[in-house]
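What follows is each chain in one-letter form.
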Amino acid sequence: TAESGLAMWLSLLLFLLLPGPLPVAGMEDAAFPHLGESSQPPPRACPPRCSCPRVDTVDCDGLDLRVFPDNITRAAQHLSLQNNQLQELPYNELSRLSGLRTLNLHNNLISSEGLPDEAFESLTQLQHIYVAHNKLSVAPQFLPRSLRVADLAANQVMEIFPLTFGEKPALRSVYLHNNQLSNAGLPPDAFRGSEAVTTLSLSNNRFSYLPPSLPPSLERLHLQNNLISKVPRGALSRQTQLRELYLQHNQLTDSGLDATTFSKLHSLEYLDLSHNQLTTVPAGLPRTLAILHLGRNHIRQVEAARLHGARGLRYLLLQHNQLGSSGLPAGALRPLQGLHTLHLYGNGLDRVPLALPRRLRALVLPHNHVATLGARDLAATPGLMELNLAYNRLTSARVHHRAFRRLRTLRSLDLAGNQLTRLPMGLPTGLHTLRLQRNQLRMLEPEPLTGLDQLQELSLAHNRLRVGDIGPGTWHELQALQVRHRLVSHTIPRASPSPCLHCHIPNIPVSWSSNQNKKMLRVG
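Residues numbered from 1 in each chain as written. Predicted model: local features only at pLDDT ≥ 70, side-chain atom pairs only at ≥ 80, totals over all residues. Heavy atoms only, no water.

- Looking up the chain in an unreviewed UniProt entry gives the name Podocan like 1, with the organism given as Mandrillus leucophaeus.

Right, dumping it as structure tokens:
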């Protein structure tokens, strides 16, 4: 009937509108917070005293830990345990952290016995491992294929294994300096399958010859401070991307190199062969070379033919060799048309080398035997900006008054430690720095200083000057000069016979300077 149908609809409506049954204990909705509870997520697990700034980072640096910390989250990707006292890595703890990308164990006490062979098997995502400054005697036999950077420097490593660094297609940088590696400890296949390594540091080890089979992808190779006496033929024939090669502080002799040693290094820019036993400049230098460091060898003569290929050379450093009067024949450096700096400190040259490259900007010749400076000795280098002839044997009588005439761009001239009794004539007017300390100067006259209105530093200490030896008007042109020290042991009076109108000379103590970091006059 109509009444019964209406009653049924009313009952259904009431059922929908009435509140539901009261909640029963144990049936709460876990998705909603309860009264008195925080809606924030629970704190992340972090080892005691460590910090965990992010869910994937655990930092336990410098806590004097002696035991590998527990409670490290499995989500950790970056773990730092450097600067502690750890002696071993427990395999069971390390194997849990399969997501690690960075493991820093720098500066602990970990020995090879404390680093089990299987320690890194489960770390399939590891990209950076730092185990420098520990006590490893051999490298780990296996490191993950995913590795990009490996630092095992400053241990006592004597042996590397084929899978320590081999078969690592993403490996970029390997640091093994300051260990005890010899050629016997580095297998020929040490880098097989690792064709992306750009930086390899093997300095401060015990190699007696340059290791063969190095990665062809190398850009920087450090082998300084070893016992290397030769580079085997072909050892560098594949390293066509090499830009920097460090071989200083070894035992290289002329017979340990040949004309092909460096000839295939078509990208080489920096070559350091200093502190060896070479008597000649190596042959076969590449055209790309910009910096050649040959200091502290036993080189007696530089032959033009040896430099013919290195036409791009910008800096040639030959300090502390045995170059005598015939050590740099006229034109020996002529092939180096782009040479910027020639460093000849501490040789036995008795004159400025002739026919130097025209574009030379810095000539550094202190501590030689140069006794004469002729009118045309510097004529070939009109673009010089720095000339250092300190501590030679120059006397005023043997410095020609036109010696500096063509050096219009010269900014720094160092003549300290010679035997000059008066200021040279014809000084370039653009000079900023003039050093004449430790000579035999007995007087200062205005004529040699005329026009030097850009001079900012004049060093005259340890000469034989007294206040009365300074002629009237001497300081008048030196408008840019500032004062730093007193003249000998006397105070310069404010009203001296030749007042320096622009130098602001007060009664000053020895260490006073009106602008110590910039312009100065050193006179005592």
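**Points about the overall build of the chain**
Moving on, step 1. What the chain contains, in helices and strands, is 4 helices and 20 strands.
Moving on, step 2. Here the chain holds 524 residues, and 48% of them are scored as buried.
Moving on, step 3. Within the chain, counting contacts between residues at least 6 apart in sequence, those at least 24 apart form 50% of the total.
Moving on, step 4. Carbon and sulfur atoms make up 51% of the accessible area of the chain, which amounts to about 25300 Å² in all. (Helix = DSSP H or I, 4+ residues; strand = E, 2+ residues; numbered from the N terminus. Buried < 20%, exposed > 50% of the residue type's maximum accessible area, 1.4 Å probe, protein only. Contact = heavy atoms within 4.5 Å. Areas by Shrake-Rupley, 256 points an atom, 1.4 Å probe, with all protein chains shown as cover.)

**Remarks on the environment of Glu121**
Moving on, step 1. Tracing the chain through its elements places Glu121 in the loop between strand 4 (102-104) and strand 5 (128-130).
Moving on, step 2. Taking the C-alpha atoms as reference points, Glu121 and Phe142, 21 residues apart in sequence, are found 7.6 Å from one another.

**Here we look at a positive patch on the surface**
Moving on, step 1. Taken together, the side chains of Arg358, Arg376, Arg402, Arg405, Arg406 and Arg408 present a region of like positive charge at the surface.
Moving on, step 2. Here Arg406 lies in the loop between strand 16 (386-388) and strand 17 (412-414).
Moving on, step 3. For Arg406, a relative accessible area of 30% translates into the label partly exposed. (Patch = residues over 30% accessible without salt bridge, like charges linked within 9 Å, V, L, I, M, F, W, Y side chains within 5 Å. Salt bridge = Lys/Arg side-chain N within 4 Å of Asp/Glu carboxyl O. Lys, Arg positive; Asp, Glu negative; His and termini not counted. Charge placed at Lys NZ, Arg CZ, Asp CG, Glu CD.)

**What to know about the state of the cysteines**
Linking two cysteines covalently via their sulfur atoms produces the bond known as a disulfide.
Moving on, step 1. Within this structure, the stated rule accounts for 2 disulfides.
Moving on, step 2. Disulfide pairing is shown between Cys50 and Cys60; the S-S distance is 2.0 Å. On the S-S bond that ties Cys50 to Cys60, the torsion sits near 110 degrees, and the link is right-handed. Of this pair, Cys50 sits in the loop between helix 1 (2-17) and strand 1 (51-54) while Cys60 sits in the loop between strand 2 (57-59) and strand 3 (78-80), placing them 10 residues apart in sequence.
Moving on, step 3. A residue is classified by how much of its surface remains accessible, and Cys50, at 12% relative accessible area, is buried. (Disulfide = S-S within 2.5 Å.)

**Quick word on the pattern of salt bridges**
Moving on, step 1. The final tally for this structure, using the stated rule, is 8 salt bridges.
Moving on, step 2. A salt bridge links Asp56 to Arg54; its shortest N-O distance comes to 3.2 Å.
Moving on, step 3. Overall, Arg54 belongs to the partly exposed group, its relative accessible area being 46%.
Moving on, step 4. Between Glu457 and Arg435 there is a salt bridge, and its shortest N-O distance comes to 3.5 Å. Of this pair, Glu457 sits in strand 19 (residues 457-459) while Arg435 is found in strand 18 (residues 433-435), placing the two residues 22 residues apart along the sequence.
Moving on, step 5. With a relative accessible area of 25%, Arg435 lands in the partly exposed category.

**Considering the packing of aromatic side chains**
Moving on, step 1. Under the defined criterion, the tally for this structure stands at 2 aromatic pairs.
Moving on, step 2. Where Phe165 meets Phe191, the ring centres are 6.0 Å apart and the plane angle is 10 degrees; that geometry is what we call stacked. Here Phe191 lies in the loop between strand 7 (173-175) and strand 8 (199-201) and Phe165 lies in helix 3 (residues 162-165), a separation of 26 residues in the sequence.
Moving on, step 3. With a relative accessible area of 0%, Phe165 lands in the buried category.
Moving on, step 4. Aromatic pair Tyr246 and Tyr270: ring centres 5.1 Å apart, planes at 35 degrees, arrangement tilted. Placement of Tyr246 in strand 10 (residues 244-246) and of Tyr270 in strand 11 (residues 270-272) is noted, with a sequence separation of 24 residues between them.
Moving on, step 5. Classification of Tyr246 as buried rests on a relative accessible area of 14%. (Phe/Tyr/Trp six-rings, centres within 6.5 Å; stacked < 30°, edge-to-face > 60°.)

**Some details on the environment of Gln125**
Moving on, step 1. Topologically, Gln125 is positioned in the loop between strand 4 and strand 5.
Moving on, step 2. Separated by 19 residues in sequence, Gln125 and Pro144 place their C-alpha atoms 7.5 Å apart.
Moving on, step 3. Aside from chain neighbours lying at most four places away, what touches Gln125 is Ser98, Gly99, Leu100, Arg101 and Ser146.

**Let's talk about the nonpolar core**
Moving on, step 1. Of all hydrophobic cores here, the largest spans 124 residues; its most connected members are Leu363 and Phe404.
Moving on, step 2. Those residues in contact with Leu363 that lie beyond four places of it in its chain are Leu342, Leu344, Val352, Leu356, Leu378, Leu384, Glu386, Leu387 and Asn388. (Core = buried A, V, L, I, M, F, W, Y, C linked by side-chain atoms within 4.5 Å.)

**Regarding the side chain of Gln239**
Moving on, step 1. With respect to the helices and strands, Gln239 occurs in the loop between strand 9 (220-222) and strand 10.
Moving on, step 2. Classification of Gln239 as buried rests on a relative accessible area of 1%.
Moving on, step 3. Of note is the side chain of Gln239, whose polar atom sits 3.4 Å from the backbone oxygen of Pro215.
Moving on, step 4. Not counting residues up to four positions away in its chain, the partners in contact with Gln239 are Leu214, Pro215, Pro216, Leu218 and Leu265. (Polar contact = N/O pair within 3.5 Å; in protein donor to acceptor, adjacent residues only side chain to side chain.)

**Details of the pairing of strand 1**
Moving on, step 1. With 2 bridges connecting them, strand 1 and strand 2 associate as antiparallel partners. Note that in strand 2 the partner of Ser51 across the bridge is Asp59.
Moving on, step 2. Hairpin geometry of strand 1 and strand 2 is characterised by an intervening segment of 2 residues between the two adjacent antiparallel strands. (Pairing = 2+ DSSP bridges.)

**Thoughts on the side chain of Asp377**
Moving on, step 1. The residue Asp377 is located in the loop between strand 15 (362-364) and strand 16 in this model.
Moving on, step 2. Here Arg351 takes part through its side chain, which lies 2.9 Å from a polar atom of the side chain of Asp377.
Moving on, step 3. From its side chain, Asp377 meets the backbone nitrogen of Gly374 in a polar contact 2.8 Å long.
Moving on, step 4. With sequence-adjacent residues up to four places away left out, Asp377 is seen in contact with Arg351, Val352, Pro353, Leu354 and Thr372.

**Considering the confidence of the model for the chain**
Moving on, step 1. Summarising the model, the chain shows a mean pLDDT of 86, and 83% of its residues fall at 70 or more.
Moving on, step 2. In the predicted structure, residues 12-40 sits below a pLDDT of 50 and forms 2 contacts with residues beyond four places in sequence or in another chain.
Moving on, step 3. Throughout residues 485-524 the model reports pLDDT below 50, and contacts reaching past four residues in sequence, or to other chains, amount to 88 contacts. (pLDDT = per-residue confidence, 0-100.)

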